[in-house]
Structures are given as structure tokens and as C-alpha cells.
Amino acid sequence: MNFKLLTDSEIFCGVPETEIRELLRTVGAYEKRFSKNEIIYHAGEKVTDLGIVLSGGVNITVNYYHGGSGIFGHIAPGQLFAEAYSLTPARELLCDAVADSETDVLFINSAALLAKCAAKDSLNQITLNLLRISSMKNINLSTRMIHISSRLIRERILSYLSEQAAINQSSRFTIPFSQSRLAEYLGVERSALSGELSKMRREGLIDYKKNSFRLL
């Protein structure tokens, strides 16, 4: 178990490693490895465990009734997924959680976690962290809606790349998506995205190689 990653993670930020070790033991947390494109949670499931990505990554994917799919978000190491549903286990998942590469996930029962935190004052930080994480995910969903609000592919691309540049505080940055995954995230056809990126490079707006970009 990578406890250095856990002490730096969203949920355990500010909690000593000794308390994290004891907490994971008492709530029955367990680790599981998934292969690339393996579905971790299926839409329609009811879940009681939140997941923490230890390595690799997870894409939150929606499958459309008419066919095809779209990526709503990417979960990187140290980040959580399914926490909202695990806290409301009567609700069915609306999305798939899919490993985007070989991925290790730590699963924790949310009810047991909160019960343990309530019983020990020093763990109240975890409850506060969960509220902060939930707020940030609401912001991220709102941000995606902004990115895809334009009917023009170029404006969707520039909106997303500008956000990534601001997050990285640099005109050079690497995004967590391949071109095909980025097309799903932005809600456009893969060929249309590739064509527009090529035009933008020829016009001197951007430069890129695979998922590494530079705004010019």
C-alpha cells in the first residue's frame, strides 16, 4: 500500500499515516487491480464502497441509448470516485467507472468510514475533506458544461486547453486524455477533433504531440 500517496490524497489530507493505517484496517478496506478498459463499476449498480485510485486512472463514462459513449471526467491517482453514490446506496449509478490503463484501486465502505470518523474527533478532517471533494466535483461538472456549450469544435477545444493551461500555470501541459478520449469528453467526432487540431497547429494557435500541448 502506498501510504505516501494516501497521506497526500484528497480524502486523507491532514490525517497522520498512523491513523490512516488503523482506519483502513478497522473498516475492512481492500485493494484491487484492474486491466485497461475493465469496468470497475457498471451503470445501474448500487454501491456502498468509494474508490481511491492508487495507480493508473479511471474514466467516468456515460453510455448513450442510441449508441456511443461520452467521458464525463477522469480520476487520477489520489482522487476518489463513486463517493456520492456510496453515501446514498439506494441510488443506482448513472455512469460506468472504467480503468483507462492498468489501475490499482483502494475500496472503502463509506458508512463504516463515516461511523469511524464520528467516533474519533481526530478524524473529523476526513468528513471535511469529503465535503470539499464533493464541491470540487460539482465545479468540474459545471466546467465541462462550459467547455461543450459552444457549437463550434474549435471553441470547445480552446475552452478546455485554456482551463488546462490555467490549472498547470503554464502554456505547456499534458492532458489526461488521448485524442479519442478527448473527443468523447468534448462531445465531438474523433475525426473532426483531429482535423480541427491540425488546422489550429497550421494557423499557429497551438502545438502538440500526442497528449502534450502548448498554447502559442
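Above this note sits the structure.
Residues numbered from 1 in each chain as written. Predicted model: local features only at pLDDT ≥ 70, side-chain atom pairs only at ≥ 80, totals over all residues. Heavy atoms only, no water.

Draft legend 1. Structural view of the environment of Glu189. Take Glu189: it is sitting in the loop between helix 7 (179-186) and helix 8 (190-202). Measuring from C-alpha to C-alpha, the distance between Glu189 and Ile11 comes to 36 Å, with 178 residues separating the pair along the chain. (Helix = DSSP H or I, 4+ residues; strand = E, 2+ residues; numbered from the N terminus.)

Draft legend 2. Looking closely at the sheet that holds strand 11 (residues 212-215). Overall, antiparallel pairing links the three strands, which are arranged 9-11-10 in an open sheet. Two strands lie at the open edges of the sheet, namely strand 9 (172-174) and strand 10 (206-209), each paired on one side alone. On average, adjacent strands in this sheet sit at an angle of 20° to one another, irrespective of strand direction. Two elements, strand 10 and strand 11, share four bridges in a ladder whose sense is antiparallel. Residue pairing in the sheet places Asp207 in a bridge with Arg214 of strand 11. (Pairing = 2+ DSSP bridges. Axes fitted to C-alpha atoms, helices over the stretch in contact; angles between N-to-C directions.)

Draft legend 3. How the structure looks around the packing of aromatic side chains. Per the counting criterion, the structure on display carries nine aromatic pairs. Centroid distance Tyr41 to Phe107: 5.9 Å. Interplanar angle 65°. Geometry classified as edge-to-face. Pair noted here: Tyr41 is in strand 2 (residues 39-41) and Phe107 is in strand 8 (residues 103-109), with a separation of 66 residues, a long-range link. You'll find Tyr41 and Phe107 in the same group, each marked buried. Each residue in the set Tyr30, Phe34, Tyr41, Phe81 and Phe107 is aromatic and connected to the rest through ring pairs, giving one cluster. Of note, Arg144 hangs over the ring of Phe72, and the distance from its end group to the ring centre comes to 4.4 Å. In this arrangement the basic side chain of Arg144 is found over the ring face of Tyr185, its NZ or CZ atom lying 5.3 Å from the centre. (Phe/Tyr/Trp six-rings, centres within 6.5 Å; stacked < 30°, edge-to-face > 60°. Buried < 20%, exposed > 50% of the residue type's maximum accessible area, 1.4 Å probe, protein only. Lys NZ or Arg CZ within 6 Å of the ring centre and 35° of its normal.)

Remember, this is a structural readout, not a statement about activity or role.
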